[in-house]
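# Structural features, examined
Spelled out, the chains give:
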Amino acid sequence: NAFSKKKQRHVLRIHKAQYIPFKESLINLLKKPEVYESLNCPSRANIMTDLSTRSFCYQHPVFKLPDSLKIILFYDDIGIDNPLGTRTKSVGMFYWTLANLPRFVRSQDRCVFLLACIEKQHLKQYGFTIVLDDFFCTIEELQTHGIPVTINEKLHIFKGSLLLICGDILDLSQMHGFKCAFRLGRKPFFYCDVNQDTIRRINKGSECHLRKLEKYDKNCMAIDFANEREKARLQKKYGIISLSPFRKINNFDIFHQTGIDIMHALLEGICQRELKLLLKHIQQQKFANLSSLTSMIRNFQYGCNEPSPSDKFNLSSEDNEAKFRASASEMLSLFKYIPFIFHQSHLTELISASVGWHSFLLLREIISISLASEIDITSIEKLEELVTRYLITFDNAYGYVQRIPKHHLLVHFGEQMHRFGSLRFTSCMIFEKKHSFFKRIKYRNFRNIAFTLADRHQHYIASLMYTCSNAATSSFLYSGHQIKKVKELDSSAAKLHYLLDMEKNLYETNQVTLFGITYVVGEAVLINDSVFPIDPVFGKILTIIVQDKIVLLRLQLMQVIVFNQKLCVYEVRLLDSSVTKNVYELKHVWPVRLLKISNSLFASLFPYGRFYLTSNE
Ligand SMILES: [Zn+2]
């Protein structure tokens, strides 16, 4: 049964939590031959495509074995509105996935499984241990004698462990039993040794160290053995309430195996602050007022497949601040397009010399590298350099007191990339889609919201895993490419590319979606793997040719006229020649939108894994 739900009896008597037995879910997944086959995807040398290729796994006794299961646990909140009133319930959601799965498969929300959900108020009351106990037991089994699974009538023993926990840093610190408060705590982050006095003054990763497990264990022991009065004093001193439940996992380092989530840190934190300050600056300098900025942002032509600020987007002035609301994906679109939006409205001429604009562009570059799907060793060095420059520039523009605590997390980004590779794959971005699915539903059973959410989710996953007659589907991991409006081509068109077969049917289309990435005629792609400062080569998609699993792009070549430093975008020109490219050979998988502004054609590589803002200021 795909959606057996074991209720945590202990909790259930008083309050409600839902837990989906981890071992059964894991076995259900592994039993699928397609999952087993894709567990050990080979990765290209020197390009760090994935978690398992990074330093942390190489040095770890369990994870260095290529076939060991590497589990990632995510935690995120969701607010559900009561259909009858205005009361919103906040529910804590635990999800898990396997780092072993190929990254493009893993970036679909169907490959992220629900482990448990519980209302936050109950979570606060009863703690995390009770919810995660069974999970810890299974991890122990995986670490010791392993879990046997029969695949295609052959018995396999799977070993592995928990590789990483990801989520918002405040939630994670609560999960690990730390006193969590940005303002009150002497140590604002459980994660590193930074304190209130230095949090806004550190600009480099090397100036701040992660906490040490040994010292932490000693501190916890001291708290454990102290009498009541002494206990309170020590708890305050160390910022620890109780030992992290994750210390139940043998060898699990709560500091090194906790991932900072870029969605919470950047898009919902630092970006909000940066944009507010920039807009306020524009208003104060009288370059534009808030209502004209609002209409500029609202009326811009965003891509049709991209999230864009809604018609409710509004800038208001309160307490001398520019205020607005934007979700994480809307914020990403804003950062992508603001150079264009401002250029269109002739604002860039006015602001391009200001330090605030430079600070914005540097942060935009940080996002670009953080969201890259492929990075290499130079990306990490560049990221670290960029963070330092950004923080200094930000201070120059607005003063260091304007930094929010999350700004500090930036100095640890490089280190995390060293340990686990691209930050994109350890981010909570994927849950925005899952959670908007939950939010769209009208809930009748609001009292036991945890049950309702878990039930919906498990039905959704089960419908993908099994057919209605309960037979396993063979295309769970990936349901295939989506190809729109197909037109058959003459077999002579097969001469276009050596991969095409004259004997087989050949089709032409104007839109394909591969692993969630949509390519549309009229947009562009990056053709070369341009290691900057070599100019990139773009191609505008003329048509898309499909034969079986082969997808080819017919591209009109474009030449870069100039890299516009003020906008951080390329000005390009269409050439008279065209080429045919295999879509799987693209190094930069994201389609690039071409924007025409006053007779010039622009292309922006955002996000992209490499750095292209020069260091001369
Ligand atoms: Zn730190």
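Above: the structure in question.
Residues numbered from 1 in each chain as written. Predicted model: local features only at pLDDT ≥ 70, side-chain atom pairs only at ≥ 80, totals over all residues. Heavy atoms only, no water.

## Considerations on the pairing of strand S19 (residues 550-564)
With nine bridges joining them, strand S18 (residues 538-547) and S19 adopt antiparallel strand pairing. What sits directly across from isoleucine 545, in S19, is leucine 552. The hairpin turn running from S18 into S19, its antiparallel successor, is two residues long, and aspartate 548 in that turn takes a positive phi close to 50°. Summarising the sheet, S19 and strand S20 (residues 569-582) pair through eleven bridges and their orientation is antiparallel. Each bridged residue has a counterpart across the sheet, and for valine 562 the counterpart in S20 is glutamate 571. Count of turn residues in the S19/S20 antiparallel hairpin: four residues, of which cysteine 568 carries a positive phi of about 65°. (Pairing = 2+ DSSP bridges. Helix = DSSP H or I, 4+ residues; strand = E, 2+ residues; numbered from the N terminus.)

## Brief notes about the sheet that holds strand S12 (residues 482-483)
Pairing is antiparallel across the open sheet formed by three strands, whose spatial order is S12-S15-S16. Each edge of the open sheet carries a strand with a single partner, namely S12 and strand S16 (517-520). When strand S15 (residues 511-514) meets S16, the two strands line up antiparallel, connected through four bridges. Within the sheet, the bridge partner assigned to valine 512 lies in S16 and is tyrosine 519.

## Some thoughts on the coordination of the zinc ion
Those donors, Cys192 (SG), Cys208 (SG), His408 (NE2) and His412 (NE2), are the protein atoms that reach the zinc ion, and they lie 2.0 to 2.2 Å from it. Given four donor atoms and angles of 106 to 113° at the metal, the environment of the zinc ion is assigned as tetrahedral. (Donors = N, O, S within 2.8 Å, 3.2 Å for Na, K, Ca; no water. Tetrahedral: all angles 85-135°; square planar, octahedral: opposite > 155°, others 65-115°.)

## What about the environment of isoleucine 341?
The topology assignment puts isoleucine 341 in helix H13 (residues 328-344). Through-space distance from the C-alpha of isoleucine 341 to that of leucine 293 is 9.4 Å; in sequence the pair is 48 residues apart. Ignoring sequence-local partners within four residues, the contact set of isoleucine 341 consists of Met296, Ile297, Phe300 and Tyr302. (Contact = heavy atoms within 4.5 Å.)

## Brief notes about H13
Its 17 residues place the ends of H13 24 Å apart at the C-alpha level, agreeing with the 24 Å of an ideal helix rising 1.5 Å per residue. Maximum bend of H13: about 50°, positioned at tyrosine 337, with proline proline 339 one to four residues after it. Counting buried positions along H13 yields 16 of 17 residues, so the element is predominantly enclosed. (Expected span 1.5 Å × (residues − 1). Bend = angle between axes of the 7 residues up to and from the residue. Buried < 20%, exposed > 50% of the residue type's maximum accessible area, 1.4 Å probe, protein only.)

## Quick notes on the nonpolar core
In terms of nonpolar packing, the biggest core is built from 173 residues, with Phe246 and Phe342 touching the most fellow members. Counting residues per element, this core draws most heavily on helix H11 (residues 262-284), at twelve residues. Discounting chain neighbours no more than four positions away, the residues touching phenylalanine 342 are Leu278, Leu279, Ile282, Leu293, Leu347, Thr348, Ile351 and Trp357. (Core = buried A, V, L, I, M, F, W, Y, C linked by side-chain atoms within 4.5 Å.)

## Quick word on the environment of glycine 414
Relative to the helices and strands, glycine 414 resides in helix H17 (residues 413-420). Separated by 34 residues in the primary sequence, glycine 414 and isoleucine 380 have C-alpha atoms spaced 5.6 Å apart. Not counting residues up to four positions away in its chain, the partners in contact with glycine 414 are Ile380, Leu383 and Glu384.

## Structural notes on the pattern of salt bridges
Scanning all chains against the criterion turns up eleven salt bridges. A salt bridge links glutamate 141 to lysine 23; its shortest N-O distance comes to 2.8 Å. Of this pair, glutamate 141 sits in helix H7 (residues 129-143) while lysine 23 sits in helix H2 (residues 22-30), and the two are 118 residues apart along the sequence. The salt bridge involving lysine 336 is made with glutamate 306; its shortest N-O contact spans 2.6 Å. (Salt bridge = Lys/Arg side-chain N within 4 Å of Asp/Glu carboxyl O.)

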